[in-house]
Amino acid sequence: MKNKNKKTDYSRLIRKLYLYIFVTVTAAVGFVLFLRLFTQKQAAVGDWIVRFLEKSFHFDHQVAMDIYHYVIRNNMDIIISVAIAISFLILCRVMLSKFAKYFDEVNAGIDILIQNEDKPIEFSAELEFMEQKLGTLKQTLEKREQDAKLAEQRKNDVVLYLAHDIKTPLTSVIGYLSLLDEAPDMPAEQKAKYVNITLSKAIRLEQLIDEFFEITRYNLQTITLTKKQIDLYYMLVQMADEFYPQLAANGKQAVIHASEDLTVFGDPDKLARVFNNILKNAAAYSEADSIIDITANLSGDVVSIVFKNAGSIPSDKLAAIFEKFYRLDEARSSDTGGAGLGLAIANEIIVQHGGRIYADSKDNYTMFTVELPALPAS
């Protein structure tokens, strides 16, 4: 099928090339026939050449006859061969110049891509297939450039927001520590309250600083995998236990629905990071006093892990949640504000595993689905 499509793509160009060759060969044959006819009338041709020599070079009749006889007539075969060769070369040059215009068009199209000019790529009808491919490539490059600019803008915004957000907990930490320092005889109950507030603000400050490092690591790291067979059920249970305090504080709960002997082939550290990022996202954006269902099952040679939580994501934002530095809460509340890298990193890890990750939101529920190979690729 692939070869057939290539043949179809080049069919117009091949037909035009055949036409050029046919015209060249026909013109060459016509010229040879003309020379043969011309030489058959040697008497008339000889008289014309002698008169030409007499008139142009002022030779007398005998000298002109001798030149014609010894120089031209005796070497007629050589002259005809040279004339045919020259004519054929001229015709080939004309044909190649016609054909070279296609390379000029392609070169001009490539220049448009290189210089990123804002004008369409247009070729002859014979190169319509190439025009379509370069046009598609141009659109792809433009989209990548726009995505890169958007990602860079988001990154700059995130850094700006994080720098601003750091001031709030830092100011609180300094303020409460100053109060504790200025009033050493403060009542124990009030002192414990101030210490708890200071600790929570310090923890938040640590999270924000970690996000700065996360941005740097994302730009510099290359994800490498060390794969092995993983006890998926145990990994999910362990993850849910680790999130219990955070979930319980808001009346939330993570429930695992999976077979205890379910396994998956992958990098345990990287996959744990993926599942933690998804659950962290679900914990941050799900409704209070709700259940987060985590369902894992095997279908053929693919393991599917689905995280379902109460709460919806607008359809216009659903397609962008896996882009780096994209955040759902544009207001950037201090409780859930993050660098917007968790799901982007999760997506890259899953893709490197040969799987896929996608999200769906409907009926006031959001589902994140991860599909991974159960066994090593053969």
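Residues numbered from 1 in each chain as written. Predicted model: local features only at pLDDT ≥ 70, side-chain atom pairs only at ≥ 80, totals over all residues. Heavy atoms only, no water.

## Considerations on the pattern of salt bridges
The full count for this structure, using the stated rule, is four salt bridges. Here Lys149 and Glu145 are joined by a salt bridge, their closest N and O atoms 3.5 Å apart. You can see Lys149 and its partner Glu145 sitting in helix H5 (residues 128-182), four residues apart, about one turn around the helix. Judged by relative accessible area, which is 56%, Lys149 ranks as exposed. For Glu145, a relative accessible area of 31% translates into the label partly exposed. (Salt bridge = Lys/Arg side-chain N within 4 Å of Asp/Glu carboxyl O. Helix = DSSP H or I, 4+ residues; strand = E, 2+ residues; numbered from the N terminus. Buried < 20%, exposed > 50% of the residue type's maximum accessible area, 1.4 Å probe, protein only.)

## Topic: the sheet that holds strand E6 (residues 356-362)
With mixed pairing, the five strands of this open sheet are ordered in space as E2-E4-E5-E7-E6. Every interior strand has two partners, whereas the edge strands, strand E2 (253-257) and E6, have only one. Averaged over all adjacent pairs, the angle separating strand axes in this sheet is 15°, with direction ignored. Of the pairings in the sheet, the one linking E6 to strand E7 (residues 365-373) comprises seven bridges and is antiparallel in character. Along E7, the bridge assignment pairs Tyr358 with Thr369. Packing against the sheet, helix H7 (residues 232-242) makes contact with E2, strand E4 (291-299) and strand E5 (302-310), and its axis sits at approximately 170° to E2. (Pairing = 2+ DSSP bridges. Axes fitted to C-alpha atoms, helices over the stretch in contact; angles between N-to-C directions. Contact = heavy atoms within 4.5 Å.)

## Section: the nonpolar core
Within the largest apolar cluster, 39 residues are counted, with the highest numbers of intra-cluster contacts made by Leu232, Phe275, Ile294, Ile305, Phe307 and Phe368. For this core, the element with the most residues is helix H9 (residues 268-285), which contributes seven residues. Not counting chain neighbours up to four residues away, the residues in contact with Ile294 comprise Leu236, Met239, Ala254, Val255, Ile256, His257, Leu279, Ile305, Val306 and Phe307. By size, the runner-up hydrophobic cluster in this structure holds twelve residues, among which are Tyr102, Leu113, Ile121 and Phe129. (Core = buried A, V, L, I, M, F, W, Y, C linked by side-chain atoms within 4.5 Å.)

## With respect to the packing of H7 against H9
H9 packs onto H7 with a crossing angle of 45° between their chain directions and a minimal axis gap of 11 Å. The angle between H7 and H9 falls in the class oblique. Judged by the sense of rotation from one axis to the other, the crossing of H7 with H9 is right-handed. Along its contact with H7, which presents Leu232, Met235, Leu236, Met239 and Glu242, the element H9 presents Pro268, Leu271, Ala272, Phe275, Asn276 and Leu279. Taken together, the residues of the contact of H7 with H9 break down into nine nonpolar, one polar and one charged. (Parallel < 35°, antiparallel > 145°, perpendicular 65-115°, else oblique. Left-handed = near helix turned anticlockwise from the far one by under 90°. Nonpolar A, V, L, I, M, F, W, Y, C, P; charged D, E, K, R; others polar.)

## Considering unusual backbone geometry
Located in the positive-phi region is Asp289, a residue other than glycine, with phi close to 55°. Of note, Asn364 is a non-glycine position whose phi angle comes to about 60°, a positive value. Its location among the elements puts Asn364 in the loop between E6 and E7.

## Topic: the pairing of E4
As paired elements, E2 and E4 share five bridges and run parallel to each other. Bridged to Ile256 within E4 is Ile294. Here E4 runs beside E5; their pairing, made up of seven bridges, is antiparallel. The residue of E5 that forms the bridge with Thr295 is Val306. Taken together, E4 and the strand that follows it, E5, pair antiparallel across an intervening segment of two residues, in which Gly300 is found at a positive phi of about 70°.

## With respect to the confidence of the model for the chain
Within the chain, residue pLDDT values average 78, and 80% of them lie at 70 or more. In this model, residues 330-337 is a region of pLDDT below 50 whose contacts with residues beyond four sequence positions or in other chains number 19 contacts. (pLDDT = per-residue confidence, 0-100.)

## Topic: the packing of aromatic side chains
Counted by the stated rule, this structure contains two aromatic pairs. Seen from their ring centres, Tyr176 and Tyr194 are 5.1 Å apart, and the 55° between their planes marks the pair as tilted. Remark: Tyr194 occurs in helix H6 (residues 188-220) and Tyr176 occurs in helix H5; sequence separation between them is 18 residues. When the centroid spacing of 6.0 Å and the interplanar angle of 35° are considered together, the rings of Phe275 and Phe307 count as tilted. (Phe/Tyr/Trp six-rings, centres within 6.5 Å; stacked < 30°, edge-to-face > 60°.)

## A closer look at the pairing of E5
Across a regular strand the side chains alternate sides, sitting on one face of the sheet and then on the other. Pairing of E5 with E7, which is carried by nine bridges, proceeds in the antiparallel orientation. Bridging from a neighbouring strand, Lys308 pairs with Met367 of E7.

## Things to note about H7
Within H7 the residues assigned to the buried category are Leu232, Met235, Leu236, Met239 and Ala240. Angular distribution of buried residues about the axis of H7 spans 130°; they occupy a single face of the element. Exposed residues pointing more than 90 degrees away from the buried face of H7 are listed as Tyr234, Asp241 and Glu242. The opening residue of H7, the one whose side-chain oxygen lies 3.4 Å from the backbone nitrogen of Tyr233, is Asp231. (Arc of directions from axis to C-beta. Polar contact = N/O pair within 3.5 Å; in protein donor to acceptor, adjacent residues only side chain to side chain.)

## Structural notes on the side chain of Lys252
Note that Lys252 resides in the loop between helix H8 (244-248) and E2. A distance of 3.0 Å separates a polar side-chain atom of Lys252 from the backbone oxygen of Ser286. Excluding anything up to four places from it in sequence, Lys252 contacts Leu247, Ala283, Ser286, Glu287, Ala288, Asp289 and Ser290.

## Brief notes about a nonpolar patch on the surface
The grouping of Ile14, Tyr18, Ile21, Val25, Val29 and Leu33 at the surface amounts to a nonpolar patch, some 540 Å² of accessible area in total. Mapping Val29 onto the fold places it in helix H1 (residues 2-40). You can call Val29 partly exposed: its relative accessible area is 44%. (Patch = residues over 30% accessible without salt bridge, like charges linked within 9 Å, V, L, I, M, F, W, Y side chains within 5 Å. Areas by Shrake-Rupley, 256 points an atom, 1.4 Å probe, with all protein chains shown as cover.)

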